[in-house]
Amino acid sequence: MVQQEALQIEREQPRSHVPLVSLSDVALTGIYEISKILTAPNRLETTLSSVVNLLSSFMQMRHGVISLLEDDGIPDITVGGGWNEGTDARYRARLPEKAIGQVIATAVPLIAENVASHPAFSEADAQALGASEDSRVSFIGVPIRVASRVIGTLTIDRVWDGRSVFRLDSDVRFLTMVANLIGQTVQLHRVVSRDRERLMAESGRLQKELSELKPTSAGRERKRVYVDGIIGDSREIRGLLDKIMIVAKSHSPVLLRGESGTGKELIAKAIHELSPRAKGPFIKLNCAALPESVLESELFGHEKGAFTGAVGARKGRFELADKGTLFLDEIGEISPSFQAKLLRVLQEQEFERVGGSHTLKVNVRVVAATNKNLEEAVAKNEFRADLYYRISVIPVIVPSLRDRRGDIPLLANEFLDRFNRENGRDLHFNQDAMDVLMGCGFPGNVRELENCVQRTATLAQGGSIVGDDFACRHNECLSALLWRSPADAPQTRRPMEIPLPVMPPLSAISGEAANSNTVPRLPPLTVPVPTPAPAVPVRAAVLDEEMSERERLVDAMERAGWVQAKAARLLGLTPRQIGYALKKHDIEIKRF
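Residues numbered from 1 in each chain as written. Predicted model: local features only at pLDDT ≥ 70, side-chain atom pairs only at ≥ 80, totals over all residues. Heavy atoms only, no water.

Check the secondary structure of the protein chain and you find 21 helices and 16 strands. Looking at the protein chain as a whole, 42% of its 592 residues qualify as buried. Put simply, 69% of the contacts in the protein chain that link residues at least 6 apart link residues at least 24 apart. Of the roughly 32,300 Å² that the protein chain leaves accessible, carbon and sulfur atoms contribute 53%. (Helix = DSSP H or I, 4+ residues; strand = E, 2+ residues; numbered from the N terminus. Buried < 20%, exposed > 50% of the residue type's maximum accessible area, 1.4 Å probe, protein only. Contact = heavy atoms within 4.5 Å. Areas by Shrake-Rupley, 256 points an atom, 1.4 Å probe, with all protein chains shown as cover.)

Let us look at the nonpolar core. Judged by nonpolar contacts, the single largest core of 51 residues is most densely connected at Leu55, Ile66, Val115, Phe121, Leu154, Val178 and Ile182. With 8 residues, helix α6 (residues 168-213) is the single largest residue contributor to this core. The residues contacting Leu55, other than those within four sequence positions of it, are Ile34, Met61, Leu154, Phe174, Leu175 and Val178. (Core = buried A, V, L, I, M, F, W, Y, C linked by side-chain atoms within 4.5 Å.)

Below, the discussion takes up helix α20 (residues 564-571). Residues three or four positions apart in an α-helix share a direction because the helix packs 3.6 residues into each turn. Among the 8 residues that make up α20, 6 are buried, leaving the element largely enclosed by the rest of the structure. Taken residue by residue, α20 has Ala565, Ala567, Ala568, Arg569, Leu570 and Leu571 as its buried positions. Phi turns positive, to about 75°, at Gly572, one or two residues after α20.

We now examine the sheet that holds strand β15 (residues 365-370). Taken in spatial order, the 5 strands line up as β9-β12-β15-β8-β16 in an open sheet, and their pairing is parallel. Each edge of the open sheet is held by one strand with a lone partner, namely β9 (282-286) and β16 (394-397). When the angles between neighbouring strand axes are averaged without regard to direction, this sheet yields 20°. Judged from the 4 bridges that link them, strand β8 (residues 254-257) and β16 form a sheet pairing that is parallel. Opposite Arg257, over in β16, you have Ile397 as the bridge partner. (Pairing = 2+ DSSP bridges. Axes fitted to C-alpha atoms, helices over the stretch in contact; angles between N-to-C directions.)

A full pass over the atoms with the stated rule returns 7 aromatic pairs. Consider the rings of Phe121 and Phe139, whose centres lie 5.1 Å apart with planes at 75°: the pair is edge-to-face. Residue Phe121 is found in the loop between β3 (110-112) and α5 (123-128), and its partner Phe139 is found in strand β4 (residues 136-146); the two are separated by 18 residues along the sequence. Among the aromatic side chains, those forming a connected cluster through ring pairs are Phe300, Phe318, Phe338 and Phe351. (Phe/Tyr/Trp six-rings, centres within 6.5 Å; stacked < 30°, edge-to-face > 60°.)

Turning to the sheet that holds β4, a few remarks are in order. Backbone-to-backbone hydrogen bonds join strands into a sheet, with any given pair of strands oriented parallel or antiparallel. Strand order in the open sheet formed by 5 strands is β2-β1-β5-β4-β3, and the pairing between neighbours is antiparallel. Unpaired on one side and paired on the other, β2 (75-80) and β3 mark the two borders of the sheet. Strand-to-strand, the axes of this sheet are offset by a mean angle of 15°, without reference to chain direction. Taken strand by strand, helix α2 (residues 44-58) contacts β1 (63-69), β2 and β5 (149-160), and its axis lies near 40° from that of β2. Along the sheet, helix α4 (residues 97-106) contacts β1, β3, β4 and β5; its crossing angle with β5, the most-contacted strand, is approximately 135°.

As structure tokens, then:
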């Protein structure tokens, strides 16, 4: 085994002057030196070759080979002493195939004192190892394992000169310890290699995405901004996306303000997916779609037998949204009595199921949305002021489509592409059709634009959509009929922004008041609300001069605060008609 004879001073010297080195000390020294090689930051093949070279210093051996397998059992790396790039085949030729297969299959060391007479070695194997009648060759092979799986072998062969004394049991134990160390090193190298490949692939993917986001040279091609279905590159939509990127990082409640059809639910979903709660659930509920009795059960859940039809316990939306985000759409439509119940949950993050007495604690971020003027509702005692301040910690204004007209071509083409994919068609807009879309007021916002594109694409006869394909060109636009204000109809006003009085802090409101069904009383407001003048259609009478029509348009726009939809109702026109009239007279829209 270990060269104990060489570690002793020649026999002729007095024994009292020769310090004896035990086999365990030599083995311990060998393991220590090998461990230093295995932990060095080198290429795996170089490390294993260095281990074989070092083994020859501690064992009587002629050749040593380390062979590693892939996961499918195919040889991967084969190295020996003095390994160089491209020498794997030379070392692999020294391995006896049947003997190596036995070690791998049984995971048990193989010891052959004479390979020429051992059944695991063929005559060709013996010749490859240099065995002959005059040269007796022995062989030891041990498995390299990771846990219970054999990933390779460590083998040595030696020539018996008739004088050396081999301790095969000690040799096998020493080689097994070395093989175990090699197995752990190989496993570590493979884990690091997989992580490196994964990181490189991820880096390549990110680089590709970044390159796709870069604008083309000279800005000839418009860039689309995608955040969970939000499409646009206007200044308004970019400002909105920048804001939600910041808002998403916090856990504060968010109130989305905007007209119907502007995509408030998509914004809420984006806030959730960009937040630390992205791995949690995103639960949504339309508060206006349910009566109060059902709404309470939907939000808080109910116990079995709580009411007729409650055949089993059921979790509410708050419970389902634990550690996630709850989106409450149309929150301005809930009744004052239910507002008090909702306020307690938002303040304390705890509630009881309907018909239950056990208090449940949750961790939910609430994102609410409304197209209602909550400030006016608070002033009229229709909405609790304390609930308003609770949900409107971070207000986010979602712009209407008419405020970001530059996004209409992007949105329209996206909706048309979707229609083409679903219906197997290949339609596109010509310039006349895009002019029609750009001139429309779209009071229904993105939802109306999608409806318009889908309806027009369905009825289009040719391979492209032209201006005459739109219903508005034939006075058949249902949206124009819906939003038109006849002269003899009473005028409807959009909610006005009414300044709120200074409210006391929530901490000043007593617990009884916060949980009662009484809406907090506010000081009466005296807000002058101008009464709109009777609607007078521009085309109702023949105008004497061109300037007279222009003056009527400017007067209506000023009385409407330069809001086209309001001015159109004052004049008895559709938003599309007043848009054409303003363009005709070159009247610049004032922005406040």
